[in-house]
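Structural features, examined
What follows is the residue order along each chain.
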Amino acid sequence: MAAFQLPRFMEYCQRRYGDRFTVRMGSMGTFVYLADPDDIRAVFRGGGAVFHAGEANAPFLARVLGPSSVLCTDEEVHARQRRHLSGPFHGGSIAGLAPLMAEVAAEEVRSWPVGRAFAVLPHMRRVTLDVILRTVIGVSAQETDRATELRRTLAALVDIDLLNMAPFLFPALTKVWPWSRYEAVQERADRLVRAEIERCRDDPGLGERPDVLAMLVRQSATSAMTADEMRDQLLTLLLAGHETTASGLAWTFERLVRHPEALERAQQAAREADTEYLDALVTESLRVRPVVPDITRRLVADVTLGEGDRALRLPAGINVDPAIYLVMRSPRSYPDPLAFRPERFLGKRPDPAVWLPFGGGDRRCLGAAFALTEMRVVLATVLTRVELATTTTKGERARVRTVTLVPHRGARLTVRRRLAPTLPPAAAASTPSTAVS
Ligand code: HEM
């Protein structure tokens, strides 16, 4: 939904109409935005039988991810899919991936120029894409041809700007240039992922493989998951799992180079493997620069939010939109909310009522622990290898890309000098405490 509900528009509506406002989007439906944490908690507690996320996501995401993507299904089907996918995304499994995350990031930093400004976002995308490819389908960067082709295709698939979104409203456009180009990318992605499924089925080492694909193929004997369904889940994890985390990392660097004290502290924390400060840094960055501005649920029954004077009756068929961007940047949730202060979260777990970068309820992001670990490990790896220059230039604006908000200039940085590399062992060892809400 991010393309149509730019943060500024949301802020304007909140100023004008308050914490509940309605946006009517013609054939796409009616969206009631919620910026009051109590309303949002009621939506998350309301459960997946009444609040359908899949039905709300499908008109936008099914075309890219496939109709059986875990993001596009509801109720029993969704619960079953989440069970099948969740294995590799809990704390224990993720901690084991930290050395891989550090290795990929260290390799990427080697190519960064010294003394010349560059956008860090594309570099972060390369890191997160390599990590997710390895985690989800077991393809490593060394397997050059397969990795290159998959990388190129997935990068093109996720490159959905406002122009690319037009066929969501007018499907006939997919046959017409320039939109037909996107259709060709989708076909290539489909072919590549299916080939990986086939390759995995024939792999004599299937039993030992730790990647998600191998796990799904092993489960398929009992789970009755079809190849189409498997393809949709793999594409979902590959796309949801890299663009978001890369944007979160880019924003963290964008904020750090404008806050010399925080940068110095982060560099020291990276050197000393002080995971507490690094986690506070990530927590604050995702709060003040949320990557996903809002999430949507479609009501399948009439619902009343709030009580007494505040009771709001909503009919079945309408969409509710927890505006996580507004809640996390509200003075009612945080003092001086637009200031970047990692120390807010030192020695404190974030309050799940007002810290919502990963959504909530039974649809909370499946990859939250993975993303938080990856952000911490990548930051620590970068900050122990290069010294970044601070800047007094104005902060970058949020630009919509796919379903995420990215810094509009790609988070421009300058490396002042290279440092003798050290790998912080503790940064690579555990899962952040913010991983579970
Ligand atoms: C900083 C990085 C990330 C952010 C900010 C983020 C944010 C989100 C948000 C807001 C949702 C919707 C939650 C809701 O509707 O309540 C979501 C869902 C999801 N995310 Fe993430 N995400 C990130 C990283 C990841 C990663 C690394 C993966 C996979 C490895 C992942 C996989 C998913 C999946 C599968 C869902 C659908 C869950 C469901 O519908 O049951 N995400 N994410």
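Presented here is a report on the structure given in the accompanying data block. It should be emphasised that the depicted structure is a prediction, and the values quoted were computed from it without experimental measurement.

**Some details on the overall build of the chain**
- Check the secondary structure of the chain and you find 17 helices and 13 strands.
- Whereas a compact globule of 437 residues would reach a radius of gyration of roughly 22 Å, the chain reaches 21 Å, a difference of no more than 12%.
- C-alpha extents for the chain along the principal axes are approximately 60 × 55 × 45 Å.
- By sequence separation, contacts in the chain at least 24 residues apart represent 74% of the contacts at least 6 residues apart.
- Summing over all exposed atoms, the chain offers an accessible surface of approximately 18500 Å²; the carbon and sulfur share of this is 54%.
- Here the chain holds 58 positive side-chain charges and 51 negative ones, and the gap between their average locations is 5 Å.

**A few points about the coordination of the iron atom of the ligand**
- Of the protein atoms, Cys-365 (SG) alone serves as a donor to the iron atom of the ligand, at 2.3 Å.
- For Cys-365, the location among the structural elements is in the loop between α16 (324-328) and α17 (368-383).

**Structural notes on the packing of aromatic side chains**
- In this structure the tally under the stated criterion is 5 aromatic pairs.
- The interplanar angle of 10 degrees and the centroid separation of 5.1 Å between the aromatic rings of Phe-21 and Tyr-33 together place this pair among those described as stacked. Within this pair, whereas Phe-21 is found in strand β1 (residues 20-24), its partner Tyr-33 is found in strand β2 (residues 30-34), the two being separated by 12 residues in sequence. In this structure, Phe-21 and Tyr-33 share a single accessibility class: buried.
- Geometrically, the ring pair formed by Phe-89 and Phe-370 is edge-to-face, given 5.8 Å between the ring centres and 70 degrees between the ring planes. Pair noted here: Phe-89 is in the loop between α4 (75-86) and α5 (91-95) and Phe-370 is in helix α17, with a separation of 281 residues, a long-range link.

**A word on helix α13 (residues 243-256)**
- Taking 1.5 Å per residue, 14 residues should reach 20 Å; α13 reaches 20 Å between its end C-alpha atoms and fits that length.
- The element α13 is extensively covered by neighbouring structure, given that 13 of its 14 residues are classed as buried.

**Concerning the sheet that holds strand β5 (residues 297-299)**
- The strand order across the open sheet built from 5 strands is β1-β2-β8-β5-β3, with neighbouring strands paired in mixed fashion. Each of the sheet's edge strands pairs with one partner strand only, and the pair in question is β1 and β3 (51-52).
- Its contacts with the sheet put helix α1 (residues 7-17) on β1 and β2, and the angle it makes with β1 is roughly 125 degrees.

**Quick word on the environment of Gly-207**
- Mapping Gly-207 onto the fold places it in the loop between α10 (179-201) and α11 (212-223).
- Residue class for Gly-207 comes out exposed when judged on its relative accessible area of 54%.
- With 10 residues separating them along the chain, Gly-207 and Val-217 place their C-alpha atoms 9.8 Å apart.

**Considerations on the packing of α10 against α11**
- α11 packs onto α10 with a crossing angle of 65 degrees between their chain directions and a minimal axis gap of 10 Å. Considering the relative orientation of α10 and α11, their crossing is right-handed. Side by side, α10 and α11 meet where Glu-196, Ile-197, Cys-200 and Arg-201 of the first sit next to Leu-213, Ala-214 and Val-217 of the second.

**Concerning the environment of Thr-128**
- Within the secondary structure, Thr-128 is located in helix α7 (residues 121-137).
- Looking at Thr-128, the relative accessible area reads 0%, which means it is buried.
- Residues Thr-128 and Met-101, spaced 27 residues apart in sequence, show a C-alpha to C-alpha distance of 8.2 Å.
- With residues near it in sequence (within four places) discarded, Thr-128 still touches His-242, Thr-245, Ala-246, Leu-249 and Glu-374.

**Structural notes on the site of the ligand**
- Surveying the vicinity of the ligand reveals 24 residues, the closest of which are His-78, Arg-82, Arg-297, Arg-363 and Cys-365.
- Take His-78: an N or O atom from its side chain is 2.6 Å from an oxygen atom of the ligand.
- Between the ligand and Arg-297, the relevant distance is 2.7 Å, taken from an oxygen atom to a side-chain nitrogen or oxygen of the residue.
- When residues of the shell around the ligand are traced back to their parent elements, those giving at least two are α4, α13 and α17.
- Of the residues belonging to the shell around the ligand, the class tally is 14 nonpolar, 7 polar and 3 charged.

**A few points about the nonpolar core**
- By size, the foremost hydrophobic cluster in this structure holds 133 residues, and its most contacted members are Trp-112, Val-120, Met-124, Ile-137, Leu-157, Phe-253 and Leu-388.
- Per element, the largest residue contribution to this core is 12 residues, and it comes from α17.
- The contact partners of Met-124, leaving out residues within four places of it in the chain, are Trp-112, Ala-246, Leu-249, Ala-250, Phe-253, Val-378 and Val-382.

**Some remarks on α17**
- Between its first and last C-alpha, α17 extends 22 Å over 16 residues, near the 22 Å set by a 1.5 Å rise per residue.
- Across the 16 residues that make up α17, a large majority, 16, are buried.

**Observations concerning the pattern of salt bridges**
- All chains considered together, the criterion is met by 31 salt bridges.
- Residues participating in the shared-partner salt-bridge network are Asp-190, Arg-194, Asp-228, Arg-231 and Asp-232.

Definitions and limits used
Residues numbered from 1 in each chain as written. Predicted model: local features only at pLDDT ≥ 70, side-chain atom pairs only at ≥ 80, totals over all residues. Heavy atoms only, no water. Helix = DSSP H or I, 4+ residues; strand = E, 2+ residues; numbered from the N terminus. Rg over C-alpha atoms; globule rule 2.2 N^0.38 Å. Contact = heavy atoms within 4.5 Å. Areas by Shrake-Rupley, 256 points an atom, 1.4 Å probe, with all protein chains shown as cover. Lys, Arg positive; Asp, Glu negative; His and termini not counted. Charge placed at Lys NZ, Arg CZ, Asp CG, Glu CD. Donors = N, O, S within 2.8 Å, 3.2 Å for Na, K, Ca; no water. Phe/Tyr/Trp six-rings, centres within 6.5 Å; stacked < 30°, edge-to-face > 60°. Buried < 20%, exposed > 50% of the residue type's maximum accessible area, 1.4 Å probe, protein only. Expected span 1.5 Å × (residues − 1). Pairing = 2+ DSSP bridges. Axes fitted to C-alpha atoms, helices over the stretch in contact; angles between N-to-C directions. Left-handed = near helix turned anticlockwise from the far one by under 90°. Near = heavy atom within 4 Å. Polar contact = N/O pair within 3.5 Å; in protein donor to acceptor, adjacent residues only side chain to side chain. Nonpolar A, V, L, I, M, F, W, Y, C, P; charged D, E, K, R; others polar. Core = buried A, V, L, I, M, F, W, Y, C linked by side-chain atoms within 4.5 Å. Salt bridge = Lys/Arg side-chain N within 4 Å of Asp/Glu carboxyl O.

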